[in-house]
Amino acid sequence: MMKNVYVITGGSEEVAIALAKQIGTRNTLLLVDACEKCLELARQQLLQAGMTDVHCETVDLTSTQAVGKLAEKVSGLGALRGLVHMAGMSNANDSKRLMADNVIGMNHVLEAFLPLANEATSAVMMSSITAYMVPKNGQYMEVLKQQLSANLTETLDQFTQGDAGAANSMAKLAVQLIVEDQAWVWGQKGARLNSVSPGMMSLPGDTEDIQTMLDHTPLRRTVEPEEIASAIEFLLSDSASYITGIDLRIDGGTIANYPRMKAAMSQQKMKRF
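No experiment lies behind these values; they were computed from the predicted model shown.

### Some remarks on the nonpolar core
Part 1: Core analysis: the largest hydrophobic core is formed by 40 residues, its most contacted members being V7, L61, L83, F113, M125 and W186.
Part 2: Where this core is concerned, the elements lending two or more residues are β1 (4-9), β2 (28-33), α3 (64-77), β4 (79-85), α4 (95-113), β5 (122-126), α5 (140-146) and α7 (164-187).
Part 3: Looking at this core element by element, the count peaks at 9 residues for α7.
Part 4: Residues A20, A42, L235 and A240 belong to the second largest nonpolar core, which totals 30 residues.

### A few points about the state of the cysteines
Part 1: Counted under the stated rule, the structure contains 1 disulfide.
Part 2: Covalently, C35 is tied to C38 through a disulfide, its sulfur atoms 2.4 Å apart. Disulfide C35-C38: the torsion about the S-S bond is 70°, which places it as right-handed.
Part 3: For C35, a relative accessible area of 26% corresponds to the partly exposed category.
Part 4: On the basis of relative accessibility, which here comes to 30%, the residue C38 falls in the partly exposed class.

### A few points about the pattern of salt bridges
When the charged atoms of two side chains with opposite charge come close together, those side chains can pair.
Part 1: As enumerated under the stated definition, the model contains 6 salt bridges in all.
Part 2: A salt bridge links R43 to E40, with the shortest nitrogen-to-oxygen separation between them at 3.6 Å. On the criterion of helical spacing, the pair formed by R43 and E40 is a turn pair, its members being 3 residues apart in helix α2 (residues 36-48).
Part 3: For R81, the salt bridge goes to D238, with nearest N and O atoms at 3.0 Å. One end of the pair, R81, is in strand β4; the other, D238, is in the loop between α9 (225-236) and β7 (247-250), with 157 residues separating them in the sequence.

### Some thoughts on the packing of aromatic side chains
In this description, an aromatic ring pair is defined by two values, namely the gap between the centres and the angle between the planes.
Part 1: Here the structure, examined in full by the defined rule, presents 0 aromatic pairs.
Part 2: The side chain of R249 reaches across the aromatic face of Y132, ending 5.1 Å from its centre.

### What about the pairing of β2?
Within a regular strand, side chains alternate between the sheet's two faces.
Part 1: Counting buried positions along β2 gives 6 out of 6 residues, so the element sits mostly inside the fold.
Part 2: Neither face of β2 is open: one carries T28, L30 and V32, the other L29, L31 and D33, and all of them are buried.
Part 3: Bridge count between β1 and β2: 5 bridges; the pairing is parallel. Directly across from Y6, in β2, lies its bridge partner L29.
Part 4: Chirality of the crossover, the property in question, places the unit of β1, helix α1 (residues 14-23) and β2 among those that are right-handed.
Part 5: Where the polypeptide runs from β2 across α2 and back to strand β3 (residues 54-58), its parallel neighbour, the crossover connection is right-handed.

What counts, and at which threshold
- Residues numbered from 1 in each chain as written.
- Predicted model: local features only at pLDDT ≥ 70, side-chain atom pairs only at ≥ 80, totals over all residues.
- Heavy atoms only, no water.
- Core = buried A, V, L, I, M, F, W, Y, C linked by side-chain atoms within 4.5 Å.
- Buried < 20%, exposed > 50% of the residue type's maximum accessible area, 1.4 Å probe, protein only.
- Helix = DSSP H or I, 4+ residues; strand = E, 2+ residues; numbered from the N terminus.
- Disulfide = S-S within 2.5 Å.
- Salt bridge = Lys/Arg side-chain N within 4 Å of Asp/Glu carboxyl O.
- Phe/Tyr/Trp six-rings, centres within 6.5 Å; stacked < 30°, edge-to-face > 60°.
- Lys NZ or Arg CZ within 6 Å of the ring centre and 35° of its normal.
- Pairing = 2+ DSSP bridges.
- Right-handed = clockwise from strand over helix to strand, strands pointing away.

What follows is the structure, given as structure tokens:
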């Protein structure tokens with residue numbers, strides 16, 4: 001009997017480790033990251049937590065060849081049961097790098113792993129609630145839908161003007177658009193493809209705007225890594241067997257209350273002048 005393999009990119013992130021602990025007891029785990037030292041630290045945490053079948057691969061996901069070799073590695077480990085793409089969660093300051101990690105890397109991963117997908121496979125991509133704060137009527141929408149067109153990052157950089165925050169929001173919107181588009185292709189294999197949009201996690205140096213967002217979030221707190229992991233685990237499981245092509249918000253109600261929050265933030269900015 002073939003082993004069930006779960007692949008997690010961005011494998012050294014807090015959420016990735018939390019997810020690995022939830023699904024790794026009886027399965028084969030393959031953690032992927034660009035940082036070899038970070039991966040080893042994550043692996044040690046999982047071994048201490050009782051996981052026994054943990055593999056690590058240092059990969060540049062923007063390289064088609066490297067991602068192809070990663071897929072070959074997975075096929076040798078067993079059957080692809082779950083694919084979770086978390087690369088791009090970190091708060092990089094390079095707008096082009098953010099686009100590359102989220103959009104180009106994700107496309108390479110989906111393309112390379114599609115041949116391994118089967119009726120038991122579920123893939124989950126990491127988006128963010130910031131995607132819902134991007135107006136859906138800009139010219140960039142057509143660019144985002146082109147996904148791997150030539151000079152994608154350079155073209156989008158013209159819209160964001162090098163602003164890392166704007167680039168991150170736009171990249172996360174691209175994740176959702178790609179999931180909606182590719183759900184059909186994955187469905188032809190009987191596989192499912194979804195995304196999740198976590199709300200605010202606790203970060204050092206939270207700003208006044210972050211506090212305003214929390215004040216207007218119905219549950220009035222940040223999200224824990226384990227809560228995000230539990231939502232992803234659900235989408236990976238058979239309990240979500242008829243769910244595909246959607247984005248699941250794990251935000252404590254932030255986006256549901258976004259109009260009020262936006263108005264409050266505008267008032268605060270006016271008071272500063």
